[in-house]
Amino acid sequence: MQEQFGQKNQSFEFTGSGWEYFKIWIVNLLLTIVTLGIYSAWAKVRRLQYFYRNTRLDGGSFDFHGTPQAILKGRLIAFGLLLGYNAAFEYDPMIGLGVAAVLALVMPWLLMRSLRFKLYNSSYRGLRFGFAGSTGDSYKAFLLYPLLAMFTLYLLAPLAHQRIKRYQFDNSRFGNASFSFGAPVKGFYILYLSSLAVMIGSVLLAVALAMMMGSGAAGAAGIVSGLMLAGPFIMLVMLVAMLVVSSLFSAYMQNLVWGNTALGPHRIFSHVSARRLLWVRVSNFIGTVLTLGLFMPFAAVRMARLQIESMGLAVSGDLSGFVADQQLNATAAGEETAEMFDVDISF
Amino acid sequence: MSTSPSDASIQVAAAYYDGQTTASRAVQLSIGGGDLLLRGDALELRWPLGEVHVSERLGNTPRLLTFSGGGHCEVNDQAGLVQLLAQVGAGRHWLDGLQHSLPWALTAMVVLLVAFAAAYKYLLPWGAEELSMRVPASMLQKMGDSTLETMDEYLLKPSTLDAARQQQLNEAYAALKTPADSQLHYKIIYRSSPEMGANAFALPNGTIVMLDGLVELAQDDNEILAVLAHERGHVERRHAMRMVLQSSVVGLVLAWYVGDVSSLLATAPAIIMQAKYSRDMEREADVYAEQTMRANGLSPCLLGTILDKMEAAYLAKMKEKHPEAGAAKDNSAMDYLSSHPATKERMRLMCPDK
């Protein structure tokens, strides 16, 4: 914790434990299966509450207020959409394409409602978060830019990604304070291009090594045996490279997005280490496989700890000055209306 | 702080937030006169207990006391809060005990593992069988046609068997009395395949593909009938359909469970498990063949005889292809991973006198 000009860095803390969460997880999983999946909505609320309440900042903890009923409703809608989509394709591919187009048209609106649900139901020190993104902007972020990226052979994909993040973060609120998002498009391009370069570089390296191994033996037989060896070898190198690159990408993406976001006068910082992220991912994967999945709650706690504890707030002054947004509270006043239209479609 | 539950002077430290600002105020909670009392610096509040919502215990996370008029308290002193609430006999959430005890967690784990194993062993085959028996014949026809189309394209060659011989076998097969009548249209088609050698297999629509190699291998037409009866057993019991249903359900469940880990990893076990199923199915088809043979006054041992020959022919071919592998491996060692149960075991079951 360092202090300068009335500013101090306040890190997020995560106080969850793997064993503690395991006990909650397994009992809720059993109930989910016994109720044929219906209880999963209650289990999800409990999971989110466990992780939110274990996340602390400056002595206060976060909380999740969503009701299982709203989550169940969201899941039923998602399930219905999926079923209708598959049934339509089964019936007639043309109708299926029509349904897909309708889904694409509805999706941005659904995602917007989902963000609103998630943020409105999150709180810190008794104050709710909120989301003020407009429907029009959600269509730009979730439909227009992705389509642009597609039609430019993904040359604009980093731009589209930045626009989605900007829509999410710039429109987030805490009480009457706004989040501001300043991650430049340039940062996204650098991250995408360097990941691509590392990926291509490792494939080329693998091919070169394979050719060297092959040229050891003479003649046509040497080339054939080299090729036979090269296939699995290149696959292995690709797999390792993919693992490394995806960890680098996620770590730097989190740092880029959160590290360029501020809440009112308080700047957020994020320093996830790619090396530690890679280690947590690989060890989580091995643990999950070896225990037939029983390690999953431990894995979730480890991942949350890494991601949350790498972040913090450069607090200017102190954190007690946030005030509830009267207007936001008024619009969400009937929590009933909020629950009627706000759905949670994320799993 | 007193430890006596009846003592009204129990106090618990908490942080109070009014819901309008993020200002945190240290307070002491106590209960008096049916109300919850909050006392802090220049702050004294009281709420009727009926207007206070206490969050369920969730591990070691802070407990939240929310007041219906807005505002809440965050309590980190777990034991203290339990004592405070015990004073007024506040109930616990019904899951509280279950979610926080190791014995219950282990019990849930064992129940889950047993439930999964039982569902896999009994529920899945039963469900697939029930469902497959309800699949309309038109769908089976479609499945069979498309399978044959693919196989004709990549695996099978036209038969070199002359028409008279084919006719002779068709008639023998048509004359075979079978245990149960079905709505499927059974017929034999003739093909050859150097790769597959002496073999025959059934398609879901009742068509049995007979390879030239098998006709040549058999010394007695009744041996061929035994194989045909066995293959017909596969069709009658809807084995192909059941395999498709079972492996897709296993794949779905694994994909859901393993989630983001890897879909590749999810398919591998499904394939291995599927091999085990088809072993059970082979036995089922054997039973069907045995009944058919007996109903026609033929010895069920004939199936064993021809299976033995098919296996010998197969091993000889493998040896020819890979002479460096040396002597044929002990068949029983391959038993677990192979989809065909060891022939010796099948013969013993079908033909105990031999």
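Nothing here was measured: the structure is a model prediction, and the numbers come from that model.

1. Here's the deal with the overall build of chain B
- Looking only at helices and strands, one finds 11 helices and 11 strands in chain B.
- For chain B, buried positions account for 28% of its 354 residues.

2. Examining the overall build of chain A
- In terms of regular secondary structure, chain A is built from 12 helices and 12 strands.
- Taking all 347 residues of chain A together, 30% fall into the buried category.
- Expressed as a percentage of contacts within chain A between residues at least 6 apart in sequence, the contacts between residues at least 24 apart total 65%.

3. Some words on the packing of helix α1 (residues 18-34) of chain A against helix α2 (residues 40-53) of chain A
Residue and element names in this part refer to chain A.
- It is at 9 Å that the axes of α1 and α2 come closest, and there the two elements cross at 165 degrees. Judged by the inter-axis angle, α1 sits roughly antiparallel to α2. For the crossing formed where α1 meets α2, the hand is left-handed. Along its contact with α1, which presents Tyr21, Ile24, Asn28, Leu31 and Thr32, the element α2 presents Ser40, Ala43, Arg46 and Tyr50.

4. Some remarks on helix α7 (residues 221-236) of chain B
All names here are of chain B.
- For α7, spanning 16 residues, the distance from its first C-alpha to its last is 22 Å, which sits close to the expected 22 Å at 1.5 Å a residue.
- Counting buried residues in α7 gives 14 out of 16 residues, a clear majority hidden from the surface.
- At the exit of α7 stands Arg238, carrying a positive phi of roughly 55 degrees.

5. Description of the sheet that holds strand β10 (residues 200-202) of chain B
All names here are of chain B.
- Taken in spatial order, the four strands of this open sheet run β8-β9-β11-β10, and their pairing is mixed. The open sheet has two free edges, formed respectively by β8 (157-158) and β10, since each of these has just one partner strand.
- Here β8 pairs with strand β9 (residues 187-192) via two bridges, running antiparallel. Counterpart to Pro158 in the pairing with β9 is Arg191.

6. Let's talk about the interface of chain B and chain A
- Contacts between the two partners involve 30 residues from chain B and, on the opposite side, 33 residues from chain A.
- Those elements that provide at least two residues to the side of chain B that touches chain A are β7 (72-75), α2 (96-99) and α3 (102-133) of chain B.
- Examining the composition of the side of chain B that touches chain A, we find that eight residues originate from one element, α3(B), more than from any other.
- A breakdown of the residues in the side of chain B that touches chain A according to their chemical character gives 17 nonpolar, 12 polar and one charged.

7. Description of the pairing of strand β1 (residues 12-17) of chain B
All names here are of chain B.
- The element β1 is largely enclosed, with a buried count of five among its six residues.
- Direction of pairing for β1 relative to strand β2 (residues 25-32): antiparallel, over a ladder of five bridges. In the sheet register, Ala14 faces β2, and the bridge partner there is Val27.
- One ladder, built from three bridges, connects β1 with β7; its direction is antiparallel. In the sheet register, Ala15 faces β7, and the bridge partner there is Glu74.

8. Thoughts on the sheet that holds β2(B)
Residues and elements named next belong to chain B.
- With antiparallel pairing, seven strands are arranged side by side in an open sheet as β4-β3-β2-β1-β7-β6-β5. With one partner strand each, in any of the chains shown, β4 (43-48) and β5 (52-54) form the two edges of the open sheet. Averaged over all pairs of adjacent strands, the angle between their axes in this sheet comes to 30 degrees, without regard to strand direction.
- In this structure, β2 lies alongside strand β3 (residues 35-40), joined through six bridges in antiparallel fashion. Residue pairing across strands places Gln28 opposite Arg39, the latter belonging to β3.

9. A closer look at unusual backbone geometry
- Here Arg125(A), not a glycine, exhibits a phi torsion of approximately 55 degrees, which is positive.
- On the secondary structure map, Arg125(A) appears in the loop between β6 (122-124) and β7 (127-131).
- We classify Arg125(A) as buried; it has 25 C-beta atoms within 10 Å.
- Positive phi, normally seen in glycine, also occurs at Arg238(B), with a value near 55 degrees.
- Note on placement: Arg238(B) falls in the loop between α7 and α8 (239-258).

10. A closer look at the environment of Thr292(B)
Residue and element names in this part refer to chain B.
- With respect to the element layout, Thr292 can be found in helix α9 (residues 263-295).
- Measuring from C-alpha to C-alpha, the distance between Thr292 and Leu176 comes to 7.9 Å, with 116 residues separating the pair along the chain.
- Residues in contact with Thr292, not counting those within four places in the same chain, are Leu176, Thr178, Pro179 and Ala229.

11. Topic: the packing of α2(A) against helix α3 (residues 68-91) of chain A
Residue and element names in this part refer to chain A.
- It is the contact of α2 with α3, at a shortest axis distance of 8 Å, that shows an interaxial angle of 125 degrees. Of the possible angle classes, the one that applies to α2 and α3 is oblique. For α2 against α3, the interelement crossing comes out right-handed. Together, Ala41, Trp42, Lys44 and Val45 of α2 and Pro68, Ile71, Leu72 and Arg75 of α3 make up the contact between the two elements.
- Looking at the contact of α2 with α3 residue by residue, the classes come out as six nonpolar, no polar and two charged.

12. Brief notes about the environment of Phe89(A)
- Secondary-structure assignment places Phe89(A) in helix α3.
- Linking Phe89(A) and Phe269(A), residues 180 residues apart in sequence, is a C-alpha distance of 46 Å.

13. Topic: the confidence of the model for chain B
Residues and elements named next belong to chain B.
- For chain B, the average pLDDT comes to 79, and 81% of its residues sit at 70 or higher.
- Between residues 260-277, whose pLDDT stays under 50, and residues either more than four places distant or in other chains, the model counts 22 contacts.
- Prediction confidence for the complex, expressed as pTM and ipTM, is 0.77 and 0.82 respectively.

14. Things to note about the nonpolar core
- In this structure, Met210(B), Leu214(B), Ile224(B), Ala226(B), Val227(B), Leu303(B) and Ile306(B) are the most contacted members of the largest nonpolar core, which totals 32 residues.
- Those elements that provide at least two residues to this core are α5 (163-175), β10, β11 (207-211), α6 (212-217), α7, α9 and α10 (301-321) of chain B.
- Of all the elements, α7(B) adds the most residues to this core, at seven residues.
- Among residues more than four places away in sequence, those in contact with Ile224(B) are Leu169(B), Leu214(B), Val215(B) and Ala218(B).
- Core analysis: the next-biggest nonpolar cluster, separate from the first, contains 27 residues, Leu111(A), Tyr120(A), Ala177(A) and Phe322(A) among them.

Here is what the cut-offs are and how they apply
- Residues numbered from 1 in each chain as written.
- Chains lettered and ligands numbered in written order.
- Predicted model: local features only at pLDDT ≥ 70, side-chain atom pairs only at ≥ 80, totals over all residues.
- Helix = DSSP H or I, 4+ residues; strand = E, 2+ residues; numbered from the N terminus.
- Buried ≥ 20, exposed ≤ 12 C-beta atoms within 10 Å, placed from the backbone.
- Contact = placed C-beta atoms within 7 Å.
- Axes fitted to C-alpha atoms, helices over the stretch in contact; angles between N-to-C directions.
- Parallel < 35°, antiparallel > 145°, perpendicular 65-115°, else oblique.
- Left-handed = near helix turned anticlockwise from the far one by under 90°.
- Expected span 1.5 Å × (residues − 1).
- Pairing = 2+ DSSP bridges.
- Nonpolar A, V, L, I, M, F, W, Y, C, P; charged D, E, K, R; others polar.
- pLDDT = per-residue confidence, 0-100.
- Core = buried A, V, L, I, M, F, W, Y, C linked by C-beta atoms within 7 Å.

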